[in-house]
Amino acid sequence: MKRKSAGRNDFSFEIRRQAVHALGIFTVPIILYFGKVFSLIFLGAVVVFFFVLAAYKLEKSKRRKNILFEELAAIENFFEEKIYAKFERKESFPMKGAILFYLGAFLTLLIFPEKTAAASIAVLAIGDSVSTLVGKRFGKHKIFEKKTWEGSLGFFISAFVVLLFFVSPQRAIFAALVGALAEAFLKIDDNLSVPLAT
């Protein structure tokens, strides 16, 4: 009974994490409305912000106490209880998912035209979240390391639907397939491989 309960709690935790991951879709209207230069500055600032939070958390864990002035302890405790505890995997580098998501978005926008980058980031936000949840909930047939056929199919279908807002159905099928293969087989973190490959 405890094992089932733990499994449900793990999946609930993953739903929370992937819901936050999917919110990355809001970078798409920023790119399309404000353009490349502003969006690169914005994404770069977000990467720096999350990196500073991660560095701070690592430093704090070494000292085992609040580093900031007492007046700021409430803000620090808010991040500790509401953000890290609810959305971060215990074993991972702090804020790793957020840092790599926005770094992947930044690099994609730096390399590709705005519309292409926006489509790729939308696929990352939605397709990667869907593949993780489908794979964790229904995945029974492994294809590579932790990846499953079910998760990859979830990625492909969701990526295809997302891409229909940007390109023709033929291009959407091709890009969704390339993204699904990158997500399943490349050893680089999905947050970097998916937008750059799609």
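Residues numbered from 1 in each chain as written. Predicted model: local features only at pLDDT ≥ 70, side-chain atom pairs only at ≥ 80, totals over all residues. Heavy atoms only, no water.

Here we look at the nonpolar core
Grouped together as the largest cluster of nonpolar side chains are 34 residues, with contacts concentrated most on Phe50, Tyr102, Val123, Leu163 and Phe166. At the level of elements, α2 (27–34), α3 (36–63), α5 (96–111), α6 (114–138), α7 (149–163) and α8 (169–185) are the ones that each hand at least two residues to this core. With eight residues, α6 is the largest single contributor of residues to this core. Aside from chain neighbours lying at most four places away, what touches leucine 163 is Ala119, Val123, Ala172, Ala175, Ala176 and Thr198. (Core = buried A, V, L, I, M, F, W, Y, C linked by side-chain atoms within 4.5 Å. Buried < 20%, exposed > 50% of the residue type's maximum accessible area, 1.4 Å probe, protein only. Helix = DSSP H or I, 4+ residues; strand = E, 2+ residues; numbered from the N terminus. Contact = heavy atoms within 4.5 Å.)

What about α7?
Its 15 residues give α7 an end-to-end C-alpha distance of 21 Å, which sits within 8% of 21 Å, the value for a rise of 1.5 Å per residue. Considered for burial, the residues of α7 that qualify are Glu150, Gly151, Ser152, Gly154, Phe155, Ser158, Ala159, Val162 and Leu163. Considering only its buried residues, α7 is in contact with α6, β1 (142–144), β2 (147–148), α8 and α9 (190–197). (Expected span 1.5 Å × (residues − 1).)

Some words on the confidence of the model for the protein chain
On average, residues of the protein chain carry a pLDDT of 85, and 80% of them reach 70 or more. In the model of the protein chain, helix α4 (residues 73–87) stands out as the element of lowest mean pLDDT, 66, in contrast to α2, which has the highest, 97. Counted against residues more than four places away or in other chains, residues 1–5, with its pLDDT under 50, gives zero contacts. (pLDDT = per-residue confidence, 0-100.)

A look at the pattern of salt bridges
For the coordinates displayed, the defined rule picks out three salt bridges. For the salt bridge of arginine 17 with glutamate 14, the shortest nitrogen-to-oxygen distance reads 3.3 Å. You can see arginine 17 and its partner glutamate 14 sitting in helix α1 (residues 2–22), three residues apart, about one turn around the helix. Overall, glutamate 14 belongs to the buried group, its relative accessible area being 3%. Close ionic contact of aspartate 190 with lysine 147 constitutes a salt bridge, the shortest N to O distance being 3.0 Å. Placement of aspartate 190 in helix α9 and of lysine 147 in strand β2 is noted, with a sequence separation of 43 residues between them. Aspartate 190 sits in the buried class, given a relative accessible area of 14%. (Salt bridge = Lys/Arg side-chain N within 4 Å of Asp/Glu carboxyl O.)

Describing the packing of α5 against α9
Here α5 crosses α9 at 25°, and the two axes come no closer than 8 Å. Put simply, α5 runs roughly parallel to α9. Here the hand of the crossing between α5 and α9 comes out right-handed. Between α5, through Gly97, Leu100, Phe101, Leu103, Gly104, Leu107, Thr108 and Ile111, and α9, the contact on the second element is made entirely by Asn191, Leu192, Pro195 and Leu196. (Axes fitted to C-alpha atoms, helices over the stretch in contact; angles between N-to-C directions. Parallel < 35°, antiparallel > 145°, perpendicular 65-115°, else oblique. Left-handed = near helix turned anticlockwise from the far one by under 90°.)

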